[in-house]
Structures are given as C-alpha cells and as structure tokens.
Amino acid sequence: MEQLRLKAVLVNCPELDALAGHVRSFAQMLTERQGERLPQWLDAVRRDDLPSLHTLAAGIDRDRDAVIAGLTLPWSSGVVEGHVNRIKMLKRQMFGRAGFALLWKRVLLAS
C-alpha cells in the first residue's frame, strides 16, 4: 500500500523522484563499499536541478578523498565515536552539578 502511494507521489513530482534516485544510489555506494563511483554520482547530482543536493555535493567535494576512502575502506571509527558520544552524554548530565573529579569517576565507572 505504501509503495503504491510512494510511486504515485514520485510520478507527480519529478524533483522528488530524482532526489530519491540519488539517495538510493548513494546508499548503494555506501552499503556495497563502492567509493570509486562517487565522482559519477556527484556529476549526476550536479546535472539535476536540486539545490539541496548541490550543497551536499559541494561539501563532499571539499574533502573528496576522505569521503571516497570512507565509502571504500572497511575500517570505521564507530567504536571511538560511540565512546565519545557516551562521555558527552555523561558530561551533559553532570553539567552544573559537580566538578571534574565526580565526572571522571562516572566516566570510569561507566566503562
């Protein structure tokens, strides 16, 4: 049912259809680790009149090599980012309540 509604919307809005296609293509690059396809994806995005995606493409272009590596290589900083996120959450919970010593104890106990 939802698929039929989506198809009806996409038929009536070519911009949204193009956007959905670019998002699907990027997701495929990401899940299948096909970073070498990024330049072609960026060219396809620029050919369409989608200003929000043009902004994204410009941001990706500023650090193209790193984005290609992130889409291609099997390594991830996800574990480190998870620890940083956990520590930031603890810090926000403690804001205005106690000093560094108590925050340090909570960080160590939460590990």
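Residues numbered from 1 in each chain as written. Predicted model: local features only at pLDDT ≥ 70, side-chain atom pairs only at ≥ 80, totals over all residues. Heavy atoms only, no water.

Topic: the overall build of the chain
For clarity, the threshold we go by: Where helices and strands are cited, they refer to DSSP runs of H or I of at least four residues and of E of at least two residues respectively, numbered from the N terminus. Just to be clear, the radius of gyration here is over C-alpha atoms, and the globule rule we use is 2.2 Å times residues to the power 0.38. Burial here depends on accessible area, computed with a 1.4 Å probe over protein chains only, as a share of the maximum for the residue type. Under 20% is buried, over 50% is exposed, and the range in between is partly exposed. Any two residues having at least one pair of non-hydrogen atoms within 4.5 Å are treated as being in contact. The accessible surface values rely on the Shrake-Rupley method and a 1.4 Å probe; as for residues, cover is taken only from the protein chains in view. Just so you know, the count uses Lys and Arg for positive and Asp and Glu for negative, and it drops His and the chain ends. Charged side chains are reduced to one point each, which is NZ for Lys, CZ for Arg, CG for Asp and CD for Glu.
Within the chain, the regular secondary structure consists of 7 helices and 0 strands. The N-to-C order of helical and strand elements in the chain reads α-α-α-α-α-α-α. Radius of gyration (C-alpha) of the chain: 21 Å, far over the 13 Å computed for a compact globule of 111 residues. Dimensions of the chain, computed from the C-alpha atoms along their principal axes, are close to 60 × 35 × 25 Å. Within the chain, the proportion of its 111 residues that are buried is 19%. When contacts within the chain are restricted to residue pairs at least 6 apart in sequence, long-range pairs at least 24 apart make up 41% of them. On the chain, roughly 8,500 Å² of surface is accessible, and the fraction owed to carbon and sulfur atoms is 62%. Once the 16 positive and 12 negative side-chain charges of the chain are each reduced to a mean point, those two points are 15 Å apart.

Looking at the UniProt feature "domain: Transposase IS204/IS1001/IS1096/IS1165 DDE" (unreviewed entry) in the chain
We count it as follows: UniProt positions are given in the numbering used here, feature names are shortened, and annotations may be inferred rather than shown by experiment.
Taking the numbering used here, the UniProt-annotated feature "domain: Transposase IS204/IS1001/IS1096/IS1165 DDE" (unreviewed entry) corresponds to residues 31-101. What you have in residues 31-101 is 72% helix and 0% strand, and the ends, taken at the C-alpha atoms, are 42 Å apart.

A short note on the side chain of His22
For His22, the position within the fold is in helix H2 (residues 14-31). Contacts of His22, omitting those with residues within four sequence positions, involve Trp41, Ala44, Val45, Asp48, Leu50 and Leu53.

Quick word on a nonpolar patch on the surface
The condition that has to hold: Nonpolar side chains (Val, Leu, Ile, Met, Phe, Trp, Tyr) within 5 Å and like charges within 9 Å form the patches, drawn only from residues with over 30% relative accessible area and no salt bridge. Basic side-chain nitrogens of Lys or Arg form a salt bridge, by our definition, when they fall within 4 Å of a carboxyl oxygen of Asp or Glu.
Among the surface-exposed residues, Phe100, Trp104 and Leu108 lie close enough to one another that they form a single nonpolar patch of about 380 Å² accessible area. Within the secondary structure layout, Phe100 lies in helix H7 (residues 100-110).

Things to note about the packing of helix H3 (residues 38-47) against helix H4 (residues 51-62)
Applied cut-off: Every angle, taken between N-to-C directions, lies between 0 and 180 degrees, and every axis is a line fitted to C-alpha atoms, over only the stretch in contact when it is a helix. Crossing handedness follows the turn of the near helix against the far one: under a right angle anticlockwise gives a left-handed crossing, and clockwise gives a right-handed one. For this classification, the nonpolar set comprises Ala, Val, Leu, Ile, Met, Phe, Trp, Tyr, Cys and Pro, the charged set comprises Asp, Glu, Lys and Arg, and every other residue, Gly included, is treated as polar.
Two elements in contact, H3 and H4, have axes whose closest approach is 9 Å; the angle formed by their N-to-C orientations is 150°. Note on packing geometry: the crossing formed by H3 with H4 is left-handed. Here Leu38, Trp41, Leu42, Val45 and Arg46 of H3 lie close against H4, whose contacting residues are Leu53, His54, Leu56, Ala57, Ile60 and Asp61. Residues that form the contact of H3 with H4 fall into these classes: 8 nonpolar, 1 polar and 2 charged.

A look at the packing of aromatic side chains
Our working definition: Only centres within 6.5 Å qualify two rings of Phe, Tyr or Trp (six-membered ring in Trp) as a pair; their planes then separate them into stacked at under 30 degrees, edge-to-face at over 60, and tilted for everything else.
Going through the model one piece at a time under the given rule, you end up with 2 aromatic pairs. Geometrically, the ring pair formed by Phe26 and Trp41 is tilted, given 5.0 Å between the ring centres and 55° between the ring planes. Note that Phe26 is positioned in helix H2 and Trp41 in helix H3, a separation of 15 residues in sequence. With a centroid separation of 6.1 Å and 25° between ring planes, the pair formed by Phe100 and Trp104 is classed as stacked. Highlighted residues: Phe100 and Trp104, both in helix H7, separated by 4 residues, approximately one helical turn. The class of Phe100 is exposed, set by a relative accessible area of 62%.

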